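Architecture and fold: a report
Residues per chain are reported as follows:
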Amino acid sequence: MGNCVSRSKQPFPVSRSSSAEKNIGSGVPDGLPIAEPTTSFWTIPATSIAKPQPQENLPSHADVVIIGSGISGASFARTLLECGDCLHVVMLEAQDVCSGATGRNGGHIFPATYHDYEDLKKRVGEDMAKKMMRFRKAHLDEILAIAAEEGITEYTQCRAVEGVDVYFDKPTFKEAQRKLQVYQRDMGEHAGPYACYEGLDAQEKFHLSPLAVGCITTRAGAIHPYRFVTSILSRLLADYPKEFEIHTRAPCTSIDEPTSSCPFYRLTTARGVITTPHVVHLTNAYAPALLPALKGAILPIRETMTAQRPGRNLHASTLRGGRSFVFFDSPRKGFDYLTQLPEGEHELMFGAGFESSTDSGNNAMYGVHSAAHVGGAMPIYFGAESWGAEALPTTPTNEQDVGVGLWAEGRVKAIWSGLLSESADGMPWVGKVHVNVAGRKAPPASSAPSSLKSNTKKLKSVVTAAPGEWIAAGYSGEGMVHAWLSSKAVALMLLGEDLTEVRTWFPELFSVTEDRVKVIKRTFKPDVVLTRSGKRCVFSL
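Residues numbered from 1 in each chain as written. Predicted model: local features only at pLDDT ≥ 70, side-chain atom pairs only at ≥ 80, totals over all residues. Heavy atoms only, no water.

The protein chain is annotated in an unreviewed UniProt entry as FAD dependent oxidoreductase-domain-containing protein of Suillus subaureus.

This is the structure:
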């Protein structure tokens, strides 16, 4: 979560598909977003817009309706409102603001690069593989810049860190080094800085267990994702009080196509009915609920996250939040991932954990096996000496700020799970949804929003592209290095902007075409997914 699915595993036919439960079609809902039974550490304390609001009626109509309020929704709304022309935008959220995958992930901005590049090159060609790598890598500087522009860098803990891939299997590490050489040779200056450390050098530099066989390091990032999203949405509500509104506890249950009497989409929600010429699906794993043609193309996966108190010696390894880690502990069980908060008790945000389909059941709880794994893995990864004695809870100075009474007092302070997605062909689904994929006809061009000239009161030309449905979803657990720019691209598409510049950085293979859906329908099997490396990964069901 937040960079935890689909990092290709070097010599083996599995992906950087984390050690997560892959309950595709088993124990994982494919309908409306649920009220999660576990509390994410990120979401305490809740920000003002995420607290229950008075149940105001929905407006009867909006120029654009956004479904979803995570990082995709924040990026899309920010771009649309700041680049658009007085559009009335309504955001619908089934639960609370940022209560889905973004508010439950790991806070990683750590793209899979050399891990995936060679396989992507074989599958989509060198130029497109390079473009996809640049797209992933661009997210770190983009998010750092957005946080600075919004004045929320410190509050959101948005920062560059040293990213460390730690390997515990020699063949896997050797293959990783080979793949890194291929990546650096082809990408040239765009590859970025990397360094390799082997054996004792790696163990001593990063204060790791004697079991570690090597590390590969590069520049990465980390962030408090919940604060980032809710801060941006709060600012948009303040700056655009007439143009933008958010309605929570308003799940969209159906979308009806336009009729002769109503030339707009008609969305039915738990809070009423709203019409619009533009529907934007930003619900990631839940997108197939309203776009049934994407069932099997975007697959739900539940993963486990924790907030843990660091061992007393661990700061030499983690640099008090200055490093992030990905641990490849077994060639067939995926990986685990770690960031550390730079303040408070310097909690370790540690996630993943292999689960079988019978481990978590149907109640959206984390599985016992996964919880046991993440609860005990870190002293093994770092070694007893580097971990040190267990830390004791600190005495809080402000009970409201730290959620006193919610958290356990041992090493594992909080544990929760969240639903993310896997794309069946390994690539996100981004752009306008073809009417044959949507299964609904689009509103007529005449229903597109227009604006008035203030001096003549005459209609200007339309201020958006032709009406329709739009999507950014299926990030395969790599949302923090796909979602922001994908959703920005969709907003610019909807506005009918000149996309010449966008095409220089947006991978066109992410587009939602009828042919792409047909290929997946022909090749997809419920227990086999084509990973982004182009290899087939068998999931236990």
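Side note on the packing of helix H2 (residues 114-124) against helix H3 (residues 126-150)
In contact at an axis separation of 7 Å, H2 and H3 are set at 140° when each is read in the N-to-C sense. With respect to H3, the element H2 is oriented oblique. In this structure, the crossing between H2 and H3 has a hand that is right-handed. Contact residues: Asp116, Tyr117, Leu120, Lys121 and Val124 in H2; Glu126, Met128, Ala129, Lys130, Met132, Met133 and Arg136 in H3. When its residues are assigned to classes, the contact of H2 with H3 shows 7 nonpolar, no polar and 5 charged. (Axes fitted to C-alpha atoms, helices over the stretch in contact; angles between N-to-C directions. Helix = DSSP H or I, 4+ residues; strand = E, 2+ residues; numbered from the N terminus. Parallel < 35°, antiparallel > 145°, perpendicular 65-115°, else oblique. Left-handed = near helix turned anticlockwise from the far one by under 90°. Contact = heavy atoms within 4.5 Å. Nonpolar A, V, L, I, M, F, W, Y, C, P; charged D, E, K, R; others polar.)

Thoughts on helix H13 (residues 483-494)
Look at H13: 16 Å from first C-alpha to last across 12 residues, which is about the 16 Å you get at 1.5 Å a residue. For H13, the tally of buried residues reaches 11 of 12 residues, placing the bulk of the element in the interior. Looking one or two residues past H13, Gly496 carries a phi angle of roughly 70°, positive in sign. (Expected span 1.5 Å × (residues − 1). Buried < 20%, exposed > 50% of the residue type's maximum accessible area, 1.4 Å probe, protein only.)

Remarks on the pairing of strand E10 (residues 272-276)
Looking at chain direction, strand E9 (residues 265-269) and E10 are connected through 5 bridges and run antiparallel. From the neighbouring strand, Leu267 faces E10, where its bridge partner is Ile274. (Pairing = 2+ DSSP bridges.)

Points about empty space enclosed by the protein
This model, assessed by the stated rule, comprises 1 cavity of 30 Å³ or more. When its volume is computed, the largest cavity comes out at roughly 30 Å³. Tallied by class, the residues present in the lining of the largest cavity amount to 4 nonpolar, 5 polar and 1 charged. (1 Å grid on protein atoms, 1.4 Å probe; cavity = no way out; pocket = protein on both sides within 12 Å on 5 of 7 lines; lining within 4 Å. Points joined across faces, edges and corners; volume = space filled by probe spheres on them.)

Here's the deal with the sheet that holds E10
Taking strand neighbours across the sheet as the criterion, the 3 strands line up as E8-E9-E10 in an open arrangement whose pairing is antiparallel. The open sheet has two edge strands, strand E8 (252-256) and E10, and neither has a second partner. Averaged over all adjacent pairs, the angle separating strand axes in this sheet is 20°, with direction ignored. Sheet topology note: the E8/E9 ladder contains 4 bridges and is antiparallel. Residue pairing across strands places Asp256 opposite Arg266, the latter belonging to E9.

Thoughts on the sheet that holds strand E17 (residues 429-433)
Taken in spatial order, the 6 strands of this open sheet run E7-E2-E1-E11-E20-E17, and their pairing is mixed. Where the open sheet ends on each side, the last strands, each with one partner, are strand E7 (244-247) and E17. The sheet shows a mean angle of 15° between the axes of neighbouring strands, taken without regard to direction.

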